[in-house]
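Per-entry structural report
So you can see what is in the structure, the chains are spelled out below.
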Amino acid sequence: MKRIQRKTIVIALLALLLAAGIAYALMSPKQENPPPQAAAPKPALTVTAVQPQQSALPIRLAANGNIMAWQEASIGSESNGLRLAEVKVNVGDAVRAGEVLATFAGESVDADVAQARASVLEAEALAADAAANAARARTLEASGALSAQQIAQYLTTEQTAKARVAAAKATLAAQQLRLRHVQVVAPDSGVISDRKATVGAVVPAGTELFRLIRKGRLEWRAEVTATELGRIRTGTPATLVAANGTQLKGKVRMVGPTVDQQSRSALVYVDLEPSADKNAPAKAGMFARGEFDLGTSPALSVPQQAVILRDGFSYLFRLNPDGRVSQLKVQTGRRLGDRVEILEGLPRDASVVASGAGFLNDGDAVRVVAAPAGNGASAAASAAPARQ
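Predicted model only: the values in this text are computed from it and were never measured.

The rules behind the values
- Residues numbered from 1 in each chain as written.
- Predicted model: local features only at pLDDT ≥ 70, side-chain atom pairs only at ≥ 80, totals over all residues.
- Heavy atoms only, no water.
- Salt bridge = Lys/Arg side-chain N within 4 Å of Asp/Glu carboxyl O.
- Helix = DSSP H or I, 4+ residues; strand = E, 2+ residues; numbered from the N terminus.
- Pairing = 2+ DSSP bridges.
- Expected span 1.5 Å × (residues − 1).
- Buried < 20%, exposed > 50% of the residue type's maximum accessible area, 1.4 Å probe, protein only.
- Contact = heavy atoms within 4.5 Å.
- pLDDT = per-residue confidence, 0-100.
- Polar contact = N/O pair within 3.5 Å; in protein donor to acceptor, adjacent residues only side chain to side chain.

The full count for this structure, using the stated rule, is 16 salt bridges. Across the salt bridge formed by Arg217 and Asp271, the nearest N and O atoms sit 3.2 Å from each other. On the criterion of sequence distance, the pair formed by Arg217 in the loop between β10 (208-214) and β11 (218-225) and Asp271 in strand β14 (residues 265-272) is long-range, its members being 54 residues apart. Close ionic contact of Arg253 with Asp271 constitutes a salt bridge, the shortest N to O distance being 3.2 Å. You can see Arg253 sitting in strand β13 (residues 247-255) and its partner Asp271 sitting in strand β14, a full 18 residues away along the chain.

To continue, consider the sheet that holds strand β5 (residues 94-95). Strand order across the open sheet formed by 4 strands is β3-β10-β8-β5, with antiparallel pairing between neighbours. Edge positions in the open sheet fall to β3 (72-76) and β5, since each of these has one partner strand only. When strand β8 (residues 190-195) meets β10, the two strands line up antiparallel, connected through 5 bridges. Counterpart to Asp194 in the pairing with β10 is Arg211.

Turning our eyes to something else, we now look at helix α2 (residues 107-140). Over its 34 residues, α2 extends 51 Å from the first C-alpha to the last, a length consistent with the 50 Å expected when each residue adds 1.5 Å. Of all the residues in α2, the buried ones are Val109, Val113, Ala116, Val120, Ala123, Ala127, Ala130, Ala134 and Ala137. Elements in contact with the buried residues of α2: β4 (82-87) and α3 (148-180).

Of all residues in the protein, 84% attain a pLDDT of 70 or more, and the chain-wide mean is 82. Model confidence for the protein, summarised as mean pLDDT per element, is weakest for helix α4 (residues 376-382) at 39 and strongest for strand β6 (residues 100-104) at 94. Throughout residues 34-38 the model reports pLDDT below 50, and contacts reaching past four residues in sequence, or to other chains, amount to 0 contacts. Under a pLDDT of 50 for its full length, residues 375-388 has, in the predicted model, 28 contacts with residues more than four places off or in other chains.

Right, let's get into unusual backbone geometry. Of note, the phi angle at Lys215 is positive, near 60 degrees, even though the residue is not glycine. Assignment of secondary structure puts Lys215 in the loop between β10 and β11. Exposure remark for Lys215: the relative accessible area of 47% places this residue in the partly exposed category.

Position of Arg310 relative to the elements: it lies in strand β16 (residues 308-310). The spacing of Arg310 and Gly358 is 48 residues in sequence and 9.4 Å in space, taken between C-alpha atoms. Beyond its immediate chain neighbours, meaning those up to four positions away, Arg310 contacts Tyr315, Phe317, Gln327, Ala357, Gly358, Leu360 and Asn361. Engagement of the side chain of Arg310 in a polar contact is seen with the side chain of Gln327, the distance being 3.2 Å.

The next thing to look at is the sheet that holds β4. With antiparallel pairing, the 4 strands of this open sheet are ordered in space as β7-β6-β4-β9. Edge positions in the sheet fall to β7 (183-185) and β9 (202-203), since each has one partner strand and no second.

For β14, a buried count of 7 out of 8 residues is recorded, marking the element as mostly surrounded by other parts of the structure. As defined by bridge partners, β11 adjoins β14 across 7 bridges and the pair is classed as antiparallel. The residue of β14 that forms the bridge with Val224 is Ala266. Summarising the sheet, β13 and β14 pair through 5 bridges and their orientation is antiparallel. Residue pairing for β14: Lys251 is matched across the bridge by Asp271.

Turning to the side chain of Ser355, a few remarks are in order. Within the secondary structure layout, Ser355 lies in strand β20 (residues 352-355). At 2.7 Å, the side chain of Ser355 forms a polar contact with the side chain of Thr48.

What follows is the structure, encoded as structure tokens:
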């Protein structure tokens, strides 16, 4: 009996405790549980930010063309049937106007000059005798000692003798001219670009012996399309890149008056700055690419390292107030140094990622730090990927 009573008492106590707990729960005021605090996103990368800049960028027009001689002079032989005795210049030599380039053997011409000089002396002697006879005939004309026919004959002989003197002098001048042509001289200053003269050759008159680039001047004949031709004016500066990478400067001398019907392009003649160096990078006949400087225009630009190329398109990452980035598809334009022009897709007041953009994706959280002092390379090195 005592065991049953003890068990009954325990059950009653448990029931009483359960009832008290239920009553306390019902009587206590209800409290709403606060929502769990959202965890801050973990940055994927430490980056630096930059604002787009409004600056003036140069306007350039690219073109291709050949480097040619400004003018070429053909130097030929003016003597006929003479042997070439000496050649004094070679290809690449710089010459001055009037400088002797080659010499022909002139023995036969010297003999012809001596003969012509003797003919002049003979003609002058005959002319002097005829003049004396004509003078005596004039004094006797009034006396009637000589007939009119004889007087006319003396006067005619005098005129004939004078004509023979003039003819002999003309022959002498021609032979002296041949003697001067024994020496081949440069008609202008410049550089010898071709030589066909060979010592010992007997060449006819008119045979080309040398070619000369006048004044040593070269020009770039750029091919420009008809749509861009109106933007170029006389005096527009141009910059060329030679085959070895050397830059050359020049100015537009003339814009071609006609447009090719097949290619729809015209030639623009650019005078290159002369160089006294024989080994100058610009040579006649060389192909070169270049640009015309057409002035400047305002442009919105960002650092080149901020622009990312993906799938053939250009992108920037804009920084949002929540610490995340948004990928923007942009259209790029001109480039100057480490700056790239943005034509479309970027608001002027946006803040973009300057370094480390290549490791980001759309929506990534980032931590922005101040750009370190120094060049862009040190800023790019400070952006270390922290992707988990």
